[in-house]
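In case you want the letters, here they are:
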Amino acid sequence: MSPNYLLKRLLMIFYTLFVVSLIVFAITQVLPADAAVMMLGEHATPEALDALRQTMGLNAPVWVQYGHWLWALLQGDFGTSLRTGQPIGPAMFSALGRSLLLAFLSIGLMLILAIPLGIIAAIRRGKVADIVVSLISYLGVALPEFVTATVAVLLLADWLKWLPPTGYVSPTEDFFGAIAHLILPVCVISVILIAHVSRMVRSELVDVLHTDYIRAARLKGMSRGTVLRRHALRNALLPTITIVALDVGYLLGGVIVVEEIFAIPGIGRELIVAIQARDLPVIQAGVLIMAATYSIVNFIADMLYAVLDKRIQYD
Amino acid sequence: MIEFLKRLLRTPQGAIGLFVVVLVLLIVIFGPMLAPNDPEKMAPLARYKAPSLTYLLGTDQYGRDIFSRLLIGARATVVMAVLATIIGTLVGALIGTTSAFLGGRADEFIMRTVDAVMSIPSLLFALLVVNLLGSSTVNALVAVAIAFAPGMARITRSVALSVRKQDYVNAAMARGESSAFIIRREMLPNVVAPIIVEMTIRISFAIMLFATLSFLGLGAQPPAAEWGLMVSEARRYMHLSAGILIWPSVAIAIASIGFNLLGDGLRDALNPRT
Amino acid sequence: MTSTPEMPVLDIKNYSLDYETANGTFHALKGINLSISRGEILGLVGESGSGKTSLAWSIMRYLSKNARETSGEILLGAKNLLTMSDAEVEAMRGQRISMVFQDPSTSLNPTLSLGTQLSEVLVRHRGLTRKQAWAEGEAMLAHVGLKTPADMMRRMPHEASGGEKQRVVIASAFACNPECIIFDEPTTALDVITSRQILDLFVELQAETGVASLYISHDLALVSRTASRVAVIRRGEIVEQGPVQDIFANPREAYTRELCAAVPNPSRRLVADGVTKTEGEPLVRVENVSVHYGRKPLLASLTGKAFTRVKGNNAVTLSVNEGEILGIVGESGSGKSTLAKAMTGLNPFEGKIWFDGRPITGLSDMDTAYRKDVQIIFQHPDASLNPRHKIGEILSRPLKLYGDGSNIAQQVGDMLEKVRLPRTHADRYPHQLSGGEKQRVAIARAFASKPRLVICDEITSALDVSVQASIVELLLDLQKAGNTAYLFITHDLNLIRQIAHRIAVMYRGDLIEIAPATEIDSPERADYTRRLIAAVPLPAGSQV
């Protein structure tokens, strides 16, 4: 990996965040919500509103407001919530921590299940195992999170009473309680990812198994198992890194729904509450943090890929 | 056309997908005529009924016929998803082709911007846009279309670039054909096939996205018979009757699987090599 | 020991192979009888689809699921391979029979080092430890002529050249001292000079070990120079087999004769010399044309570091006279196609092109008149004909662009007849035509505007020899009929020496020299030209 590639990818993160900040700011500007009205209530006098607008800088031209907002942002100041009057930064980051816990557990579960499923389907291509896996994956990608979540709660929490239906427990306070509360959300988020990734692993591996070098290895007298382990898996699993990283975008969407359904105080729930309350600074901060998470994950994935796959000469 | 259908029906994905999609489309068109009961009619005495001959799939929390509601709701969910995907695809295809055709720095700038937009999860993007424009079906449509455009732009561009490298395009350029001719007659017919495949698969995503928006209260509004909304409303009553939750879920899954399978079938059928 | 000197190492008796396809049974191999003894090289020659590769898979026991072996046996020593268990087959492969593949860039795993891929054979079949195998591997790489074996063992495939990789593949084929080795077109994917070196290595190792070798190739000239016996295969049947001299000197079968006649032979010139020595201006003069690729990387532009762009062409100057065939030869990456693209406006270039006294400095100078006079034909007709257009539509475009556009159907039919295709082909799609037919359509398209210069970019290299011969014949007829000049780009030296008036030799973007075709093998030629000429095997029976 050349320093050029690294630099280019780093610049891309900044560009991404810049574009996202523009979009978010533009959207929140068009929102039919007046921050001053929100803070003082519907019955405030026009004079009071005007005074507040003046102090908040709301009367300045849009690009000046954007400049102020961006400048504060660069200094780590996300602003204050219109709804709670509290600074946004600390609340958002502790919410992000809870969401990331959920996301990482889901990715972990997905990798544990999706990769073996994909491998089995590929090596048993056209056989029963392959058909079963592909049926599971077709069903998996067709069920939105809110459906799986609702059905899972009905089945495992309401009827069987094996797991708590909703809520969040901090793992530092009650570890086993936290696990019990996380099982359902993690499973729900993983379903679509497992379905998608196992299908991608299958098709990558099928492609690799048809290459000349796999045939050459077999014709050198290597057994099927050795060829699979040593020659095929490595090459087939490398692209999975990129696929998983791109799926993180989808995963973050899933996190929003799942946090809402299971009442987990993560960043997704913060965002939904903010969107419903039209709490502009919180929306701005939340979307930006989401986009940053996605960009950073993809940056790491690209670096990992470049390091693991020495073939590709990046410029 | 006949030959193409044969190719499509050769794979199980294509055959099942086509069957399901045609069935769903028939329901979209004829659903309201086929509905045995008035989907809006509430019957306080007939709440949470189990499936019977009168109510094929039972009744919901207000005593409305679930089967009739599903038949009517197909329009809201499926038509919107198809429309939104088509609009998103057209916008994306336009951006993608332009970018591929311009090439160089302009291409890089457009694609980096598209990447940046894609870093906002589609669901979040749709939530923001709906919130901006107000919760309604049409606004949800616009939201999903905008959310899909960047992804389609990316795919269109990569397909267009690979077609642009083909010698038949080089031959046309060496012959002195106009850019418009090259794009329209040489490139477009070869770019369209993979985009149709991708679009079909995305319709199933759109169905799910619409349902999710309605579920979160930002799409269709009660008492509409939108499938996602039906699941959302059923949540509070699911202890009393699982059917009101299960049936709309099944409907969403079937429609989504159908488009997914059809997309995979089309991929094989449109590939000239197989 | 089972194999005595009299007994062949590999003996194929009345072997037949079918493939079950959706369109019925396909007979891939019919009653094949072949045998190879120790120390012998049997050349197996055939065109694409003749079944030569199917035979290799049969011997290696690597058959697809739809394959049915309907008769015969394949004996390795006394053992019939058809009755072997899977475990026996695995033990045999690489140990008793090994194989060298066509393209070393695809037959080596891109993510494993060359050493790993070589030593795993030794670990598998000779029971060495990994450490022993690695040391042994180094010794072997030295043996196959690699200068820095220890370093080469550690390299990844993408860090080695095509020739180096093929040497590693050959080393692993010879690793376990097998009784028999199958060489499946081992030099086809390599450049001329490299391919000669690989061939020399093969001959040397074969003589040293005496391994029974089956050398599969489409190239008669090459086989005639390496093999001791030759078998000609066509549509799954052995047409003729025997000692090389007999087959080439007096072939018995008509097909073998055709095949021999189709092989390009420099001593059989197909154009008259001297007719194009015209006075005055040449038709085209390429003057100091350079082409560069690539853009300055970001970091370089930020730090102000100097950046050298990749050179495609470096100040190339040459000219083509009216009605002349100028051949351009060179290895891959020598810039011959880059020049063709520059001349047709597909690559931006620096320098000047004079066409019929008119200066062309860039794309904007290439107007309809220029386009009409300068046409290009590409290597792969599959790629150069739009798969979604009918032949009639493809051929109508130049008529509409350059002609009066009247009576299109009639004109398209005439064009098809001119390239000896039936008029009814106008209603077909490209994929319904054979490779040769498609190339004829591409030729018809180029000649529709009655051009004065046609650039042929490797237009026969994707075709079989017999098809190539008929395409070349067509091109020469068209050239005589219209006094068209050709810029004929190819890597096939024997072919170009047959048909060109003058030959330009290119190397890494530079034009080395231009010489009359009849004098290209003179000792006064440049060093690189002489190496190129020396590397190409001439067909048996031709005068060197």
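Residues numbered from 1 in each chain as written. Chains lettered and ligands numbered in written order. Predicted model: local features only at pLDDT ≥ 70, side-chain atom pairs only at ≥ 80, totals over all residues. Heavy atoms only, no water.

Draft legend 1. Looking closely at the sheet that holds strand β5 (residues 79-80) of chain C. All names here are of chain C. Strands sit in the order β2-β1-β4-β5 across an open sheet of four strands; the sheet is antiparallel. Where the open sheet ends on each side, the last strands, each with one partner, are β2 (24-36) and β5. As judged from the nine bridges shared by strand β1 (residues 10-21) and β2, these two strands associate in the antiparallel manner. Bridge pairing links L10 to I36 in β2. Seen against the sheet, helix α1 (residues 52-60) touches β1, β2 and β4 (67-76) and runs at an angle of roughly 110° to β1. (Pairing = 2+ DSSP bridges. Helix = DSSP H or I, 4+ residues; strand = E, 2+ residues; numbered from the N terminus. Contact = heavy atoms within 4.5 Å. Axes fitted to C-alpha atoms, helices over the stretch in contact; angles between N-to-C directions.)

Draft legend 2. Broad picture of the interface of chain B and chain A. At the junction of the two partners, chain B supplies 41 residues and chain A supplies 46 residues. Together, the buried faces of chain B and chain A total about 3800 Å²; carbon and sulfur atoms form 77% of this surface. Its largest share of buried area at the contact with chain A, chain B owes to L128(B), N131(B) and L132(B), together 16% of the area lost on that side. Here chain B is connected to chain A by one salt bridge. Notably, a salt bridge pairs D264(B) with R199(A), separated by 3.4 Å at the nearest N-O pair. Secondary structure elements with two or more residues in the side of chain B that touches chain A: α4 (104-118), α5 (122-133), α8 (179-215), α9 (227-234) and α10 (243-270) of chain B. The biggest single contributor to the side of chain B that touches chain A is α10(B), with 10 residues. Grouping the amino acids of the side of chain B that touches chain A by side-chain chemistry returns 26 nonpolar, 10 polar and five charged. (Buried area = accessible area lost by both parts, 1.4 Å probe. Salt bridge = Lys/Arg side-chain N within 4 Å of Asp/Glu carboxyl O. Nonpolar A, V, L, I, M, F, W, Y, C, P; charged D, E, K, R; others polar.)

Draft legend 3. Region of interest: the UniProt feature "domain: ABC transporter" (unreviewed entry) in chain C. Mapped onto this numbering, the UniProt entry gives "domain: ABC transporter" (unreviewed entry) at residues 12-260 and 284-533 of chain C. The span residues 12-260 of chain C is 42% helical and 27% strand by assignment, and the distance between its end C-alpha atoms comes to 26 Å. (UniProt positions renumbered as here; feature names shortened; annotations may be inferred.)

Draft legend 4. Spatial organisation of the UniProt feature "transmembrane region" (unreviewed entry) in chain A. Residue and element names in this part refer to chain A. The residues that UniProt annotates with the feature "transmembrane region" (unreviewed entry) are residues 12-31, 100-123, 135-155, 175-195, 236-262 and 282-308. Within residues 100-123, the helical portion is 100% and the strand portion 0%, while the C-alpha atoms at the span's ends are 34 Å from each other. What you have in residues 282-308 is 100% helix and 0% strand, and the ends, taken at the C-alpha atoms, are 39 Å apart.

Draft legend 5. Seen up close, the packing of aromatic side chains. Using the criterion set out here, one finds 16 aromatic pairs over all chains in the structure. Between the aromatic rings of F78(A) and F93(A), the centroid separation amounts to 5.6 Å while the plane-to-plane angle is 70°, which identifies the pairing as edge-to-face. Linking F78(A) in the loop between α4 (62-74) and α5 (88-123) with F93(A) in helix α5, this pair joins segments that are 15 residues apart in sequence. Considering the side-chain rings of F202(C) and Y215(C), the 5.2 Å spacing of their centres and the 45° angle between planes classify their relative orientation as tilted. Of this pair, F202(C) sits in helix α8 (residues 192-209) while Y215(C) sits in strand β8 (residues 212-217), placing them 13 residues apart in sequence. Every member of this aromatic cluster is reached through a ring pair, and the members are F174(C), F183(C), F202(C) and Y215(C). Looking at R199(A), its charged tip hangs above the ring of Y138(A), at a distance of 4.3 Å from the centre. The ring of F181(B) carries the charged tip of R397(C) above its face, separated from the ring centre by 3.8 Å. (Phe/Tyr/Trp six-rings, centres within 6.5 Å; stacked < 30°, edge-to-face > 60°. Lys NZ or Arg CZ within 6 Å of the ring centre and 35° of its normal.)

Draft legend 6. Main features of the nonpolar core. Counting 136 residues, the largest nonpolar core has F146(A), F262(A), V287(A) and W227(B) as the members making the most contacts within it. Residue contributions to this core peak at 15 residues, all from helix α10 (residues 224-262) of chain A. What F146(A) contacts, discounting residues up to four positions off in sequence, is V257(A), I261(A), M208(B), A211(B), T212(B), F215(B), G228(B), V231(B) and I252(B). (Core = buried A, V, L, I, M, F, W, Y, C linked by side-chain atoms within 4.5 Å. Buried < 20%, exposed > 50% of the residue type's maximum accessible area, 1.4 Å probe, protein only.)

Draft legend 7. Looking closely at the packing of helix α3 (residues 66-102) of chain B against α4(B). Residues and elements named next belong to chain B. The N-to-C vectors of α3 and α4 enclose an angle of 150°; their axes lie 7 Å apart at closest approach. If you check the angle between α3 and α4, you find them roughly antiparallel. Of the residues in α4, those in contact with I95, S99, A100 and L102 of α3 are G104, A106, D107, I110, M111 and V114. Along the lines of polarity and charge, the residues of the contact of α3 with α4 split into seven nonpolar, two polar and one charged. (Parallel < 35°, antiparallel > 145°, perpendicular 65-115°, else oblique.)

Draft legend 8. A look at the interface of chain C and chain B. With 20 residues of chain C in contact, the opposing surface of chain B contributes 20 residues. Taking both sides of the interface into account, the surface hidden between chain C and chain B amounts to around 1900 Å²; carbon and sulfur atoms contribute 50%. Linking chain C to chain B there are two salt bridges. Note that E177(B) and R397(C) form a salt bridge whose closest N and O atoms lie 2.8 Å from each other. Across the chain C-chain B interface, the total number found is 10 residue pairs in polar contact (both at pLDDT 80 or more). If you list the elements that add at least two residues to the side of chain C that touches chain B, you get α15 (381-384) and α16 (391-402) of chain C. Each residue belonging to the side of chain C that touches chain B can be placed in one class, and the counts come to nine nonpolar, four polar and seven charged. (Polar contact = N/O pair within 3.5 Å; in protein donor to acceptor, adjacent residues only side chain to side chain.)

Draft legend 9. Highlighting the environment of L10(A). Residue and element names in this part refer to chain A. Here L10 shows up in helix α1 (residues 3-30). On the basis of relative accessibility, which here comes to 35%, the residue L10 falls in the partly exposed class. Considered as a pair, L10 and G268 are 258 residues apart in the sequence and their alpha carbons are 26 Å apart.

Draft legend 10. Representation of the UniProt feature "domain: ABC transmembrane type-1" (unreviewed entry) in chain A in the model. Summarizing the sequence annotation, UniProt attributes the feature "domain: ABC transmembrane type-1" (unreviewed entry) to residues 96-301 of chain A in the numbering used throughout. For residues 96-301 of chain A, helix accounts for 84% and strand for 0%, while the C-alpha atoms at its two ends are 20 Å apart.

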